[in-house]
Amino acid sequence: MTNIDMNPATATSTPTAIDNETGILETAPDTAALHPEGSKKKGTKKNKAQRRAAKALAYFALIFTGLLVLAEPWLLIPVAALVLAIALWD
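Bear in mind that the values here come from a model prediction, so they are computed numbers and not experimental data.

(A) Seen up close, the overall build of the protein chain. For the protein chain, the count of helices and strands is two helices and two strands. Beginning at the N terminus, the succession of helices and strands in the protein chain can be written as β-β-α-α. Scored against the burial criterion, the 90 residues of the protein chain give a buried share of 3%. Carbon and sulfur atoms form 66% of the exposed surface of the protein chain, whose accessible area is close to 8,500 Å².

(B) Broad picture of a nonpolar patch on the surface. Side chains of Tyr59, Leu62, Ile63, Leu67 and Leu70 sit close together on the surface and give an oily, nonpolar patch of about 600 Å² of accessible area. Tracing the sequence through the fold places Leu67 in helix α1 (residues 45–71).

(C) Just helix α2 (residues 76–88), in detail. With 13 residues, α2 extends 18 Å between its outermost C-alpha atoms, agreeing within 8% with the 18 Å of an ideal straight helix rising 1.5 Å per residue. Little of α2 sits out of view: just zero of its 13 residues are buried. Downstream of α2 by one or two residues, Asp90 has phi in the positive range, about 60°.

(D) Highlighting the environment of Leu76. Mapping Leu76 onto the fold places it in helix α2. In the structure, Leu76 is positioned 11 residues away from Thr65 in sequence and 8.8 Å away in space, judged by C-alpha atoms.

Thresholds, definitions, all that
- Residues numbered from 1 in each chain as written.
- Predicted model: local features only at pLDDT ≥ 70, side-chain atom pairs only at ≥ 80, totals over all residues.
- Heavy atoms only, no water.
- Helix = DSSP H or I, 4+ residues; strand = E, 2+ residues; numbered from the N terminus.
- Buried < 20%, exposed > 50% of the residue type's maximum accessible area, 1.4 Å probe, protein only.
- Areas by Shrake-Rupley, 256 points an atom, 1.4 Å probe, with all protein chains shown as cover.
- Patch = residues over 30% accessible without salt bridge, like charges linked within 9 Å, V, L, I, M, F, W, Y side chains within 5 Å.
- Salt bridge = Lys/Arg side-chain N within 4 Å of Asp/Glu carboxyl O.
- Expected span 1.5 Å × (residues − 1).

Here's what the structure looks like:
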């Protein structure tokens, strides 16, 4: 079973082979049919707009936090704790 949910009803087994010279795992050629190129549209206008908005919000938060830390240096402590928590999140 190779499905992540490990449901026996939907699990499929994909034949694979390992190239002994390079050590690269190769999937069978028929697995390309499982994910046709047109099934997922990358770069749609909605996704680009969301990415732009998220980037703008992130920069605003960074600049605003920087200004707060400049005004009150003790605010660096919770900011550092938040950054450390995000880094350790995994």
